[in-house]
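Spelled out, the chains give:
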Amino acid sequence: MFRLSIPLRQALSRLTLPVLVAVAFGTMLLGKADALLAERARVLLADALAPFYAAFAEPARAVRETIADLPELLAIREENARLREENERLRRWQSAALALEAENALLRRQLNFVPEAAPSFRTARVVADAGGVYARAVLIALPPDLAVRRGQIALDERGFVGRVTEVGTRSARILLATDMNSRIPVTLEGSRARAMMVGTNGPRPRLQFWAEGTRPAEGERVVTSAEGVAFPAGLPIGVVRYSASGSAEVEMFALLDRLDLVRLFDFGLGGILPPEAVARPEPRARR
Amino acid sequence: MIGVPEPPPSLLRRVEALARNLLPGLLAVVTMIAAAGPTGLPVLAPALTLPQVVFWSIYRPAAMSPPAVFLLGLLLDLLALAPLGSGLLTLLLAHGLALRWRRFLARQGFLLLWLAFCGFAVGAAALGYVLSALLDFALPPLGPALQLAALTACVFPPIALLLGRVHALMLRAEETA
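Residues numbered from 1 in each chain as written. Chains lettered and ligands numbered in written order. Predicted model: local features only at pLDDT ≥ 70, side-chain atom pairs only at ≥ 80, totals over all residues.

## Quick notes on the overall build of chain B
For chain B, the helix and strand inventory stands at seven helices and zero strands. Going from N to C terminus, chain B has its helices and strands arranged as α-α-α-α-α-α-α. The 177 residues of chain B split such that 37% are buried. (Helix = DSSP H or I, 4+ residues; strand = E, 2+ residues; numbered from the N terminus. Buried ≥ 20, exposed ≤ 12 C-beta atoms within 10 Å, placed from the backbone.)

Below you can see the structure in the form of structure tokens.
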């Protein structure tokens, strides 16, 4: 290392800055004169720094993702508050429901009300739109171990379909409510008036024999009636519609023209069965 | 101990002193690279560099020598995609001014220092604007220059706070040595 006198050193150190400023101007001109030079230098620098960037990329990405998640977190707070409020409201409703249930139980005790047993049912697949003696009937396939009686009631997932009229070992026939031979005692749910629903082989069975002054109202719900001991009360059938000619008809809930599966309910009722069943229906085992 | 020459500093001391003198420049380099690369905000690089250069020029000029400023400026121009030489010149001039006024500035309280630095920031942004206008023969939009000045002025307090801590640590290390 050179040994310089102190004044010379001071002079040199004072000169450094101006010289470097001059070099900066030179660099500027050089960068202007040869644009490629700066580009090349940048590429070289980027190459040298690439591992450094790579090491930094992961934490930087984590930070960026955290920042991106912030609005979502705020939304979660809001959502929580909303859910808590809703929970509070539902709890109030639940207490109201429990109170009503208790009151209901109390009233039932007072009335000596006999609750109906929950009906058991088996589900079977419809295999044929077979007619047989009837115009509107379907055939269902039965597993060998499934005991089906005549007079059992078939419902699909929406409502009343018909009754079982013939039982074989592996199949059974269901007479649909739309068949001409079908007569179903019904109740009009609004007015509690009784009537008969008579099949016409058309898509909508007709309502007949209602009592004087209880004309079915358009859109009124029609459910089964317990009269005649063939059906339990209250199975949903359909709604009242008036045809163009002014006759009251029932638009069925069940999709009778495309039945897939039917549920066979055993309510232990026989009622009036088709002629070949003159003998009394075998009594169902009491539960 | 009068008349006895001080023993030459041991190797460890010299390495320590060297590290203390290199640390500011290295800090500046690391923040610059971190700002230019992974954060994806190259705008931050000049805004983060100027406060450091000015701070060290005022409080520890030995650690921020003109050659170091020159190298920092060159790196800044390459990283920040500015016209080559503009950031370099800006940093050198800021360094020179801070060095000239350092006796006055070092005595001021923080608020006045910040005000003075705001002057530095505006001057640097204006110089950068003029230089890029001259080098491109076209007037660049004024908005980015104003944003840069505001950003630089805003990042000064936290940086000065951190560097003040580092500076205090260095002073303590030098006293105990």
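There's plenty left to go through after this.
## Structural notes on the overall build of chain A
A count of helices and strands for chain A gives two helices and twelve strands. Taken from the N to the C terminus, the helices and strands of chain A come in the order α-α-β-β-β-β-β-β-β-β-β-β-β-β. Expressed as a percentage of its 287 residues, the buried residues of chain A come to 22%. Pairs at least 24 apart in sequence give 53% of the contacts found in chain A among residues at least 6 apart. (Contact = placed C-beta atoms within 7 Å.)

## Some details on the confidence of the model for chain A
Confidence along chain A averages 83 in pLDDT terms, with 89% of residues attaining 70 or more. Helix H1 (residues 6-33) of chain A is the least confidently modelled element of chain A, averaging 83 in pLDDT, while strand E7 (residues 194-198) of chain A averages 93, the highest of any element. (pLDDT = per-residue confidence, 0-100.)

## So, the packing of helix H2 (residues 44-59) of chain B against helix H7 (residues 142-176) of chain B
All names here are of chain B. Relative orientation of the contacting elements H2 and H7 amounts to 45 degrees, with a least axis distance of 8 Å. Judged on the interaxial angle alone, H7 and H2 are oblique. You can see that H2 and H7 cross each other, and the crossing is right-handed. The residues of H7 that touch H2, namely those facing Pro46, Ala47, Leu48, Leu50, Pro51, Gln52, Phe55 and Tyr59, are Leu148, Leu151, Thr152, Val155, Phe156, Ile159, Ala160, Leu163 and His167. Within the contact of H2 with H7, the residues separate by chemical class into 14 nonpolar, three polar and no charged. (Axes fitted to C-alpha atoms, helices over the stretch in contact; angles between N-to-C directions. Parallel < 35°, antiparallel > 145°, perpendicular 65-115°, else oblique. Left-handed = near helix turned anticlockwise from the far one by under 90°. Nonpolar A, V, L, I, M, F, W, Y, C, P; charged D, E, K, R; others polar.)

## What about the interface of chain A and chain B?
Listed by partner, the interface residues are 20 residues for chain A and 18 residues for chain B. Going through the elements one at a time, H1 and helix H2 (35-111) of chain A are the ones with two or more residues in the side of chain A that touches chain B. Each residue belonging to the side of chain A that touches chain B can be placed in one class, and the counts come to 15 nonpolar, three polar and two charged.

## Quick word on the confidence of the model for chain B
Taken residue by residue, chain B gives an average pLDDT of 84. The fraction at 70 or more is 94%. We note a pTM of 0.50 for the whole complex and an ipTM of 0.76 for its interfaces.

## Brief notes about the pairing of strand E12 (residues 261-266) of chain A
All names here are of chain A. Note: strand E1 (residues 120-128) against E12, six bridges, orientation antiparallel. Paired with Ser120 across the bridge in E12 is Asp266. In terms of strand pairing, strand E3 (residues 153-155) meets E12 through three bridges, oriented antiparallel. Bridged to Ala154 within E12 is Leu264. (Pairing = 2+ DSSP bridges.)

## Quick look at unusual backbone geometry
Residue and element names in this part refer to chain A. The phi angle at Arg192 is positive, at roughly 60 degrees, despite the residue not being glycine. Take Arg192: it is sitting in the loop between strand E6 (183-188) and E7. According to the C-beta neighbour criterion, Arg192 is exposed, with 9 such atoms within 10 Å. Its identity as a non-glycine residue notwithstanding, Asn201 has a phi of 70 degrees, on the positive side. Inspection of the secondary structure puts Asn201 in the loop between E7 and strand E8 (206-208). C-beta crowding within 10 Å serves as the criterion here: with 14 such atoms nearby, Asn201 is assigned to the partly exposed category.

## A word on the nonpolar core
Generally speaking, a soluble globular protein has its nonpolar side chains buried in company with each other. Within the largest apolar cluster, 52 residues are counted, with the highest numbers of intra-cluster contacts made by Met32(B), Ala45(B), Leu50(B), Val53(B), Val54(B), Leu91(B) and Leu92(B). Listed by contribution, the elements that provide at least two residues to this core are H1 of chain A together with helix H1 (11-36), H2, helix H3 (66-80), helix H4 (86-100), helix H6 (110-136) and H7 of chain B. Ranked by size, the runner-up nonpolar core spans 36 residues in total, among them Ile140(A), Val161(A), Met197(A) and Phe267(A). (Core = buried A, V, L, I, M, F, W, Y, C linked by C-beta atoms within 7 Å.)

## Comments concerning the sheet that holds E12(A)
Sheet architecture is closed into a barrel: six strands sit in the order E1-E2-E5-E4-E3-E12 (chain A), paired in antiparallel fashion. Averaged over all pairs of adjacent strands, the angle between their axes in this sheet comes to 45 degrees, without regard to strand direction.

## Regarding H1(A)
The terminal C-alpha atoms of H1(A), which comprises 28 residues, lie 40 Å apart, in line with the 40 Å expected from a rise of 1.5 Å per residue. At Thr16(A), H1(A) shows its strongest bend, of approximately 30 degrees, with the proline Pro18(A) following within four residues. For H1(A), the set of buried residues is Leu17(A), Leu20(A), Ala24(A), Thr27(A), Met28(A) and Gly31(A). Among the structural elements, H2 of chain A together with H3, H4 and H6 of chain B are those in contact with the buried residues of H1(A). (Expected span 1.5 Å × (residues − 1). Bend = angle between axes of the 7 residues up to and from the residue.)

## Remarks on the pairing of strand E11 (residues 248-252) of chain A
Residue and element names in this part refer to chain A. With respect to burial, E11 is a largely interior element, four of its five residues being buried. Where strand E10 (residues 236-242) meets E11, five bridges bridge the pair, whose relative direction is antiparallel. The partner of Val240 across the bridge, within E11, is Val250. What sits between the antiparallel neighbours E10 and E11 is a turn of five residues, in which Gly246 has the positive phi angle 90 degrees.

## Digging into the packing of H1(B) against H3(B)
Residue and element names in this part refer to chain B. Relative orientation of the contacting elements H1 and H3 amounts to 5 degrees, with a least axis distance of 10 Å. The angle between H1 and H3 falls in the class roughly parallel. Across the interface between the two elements, Gly25, Ala28, Val29, Met32, Ile33 and Ala36 of H1 pack against Ala68, Leu72, Leu75, Leu76, Leu79 and Ala80 of H3.

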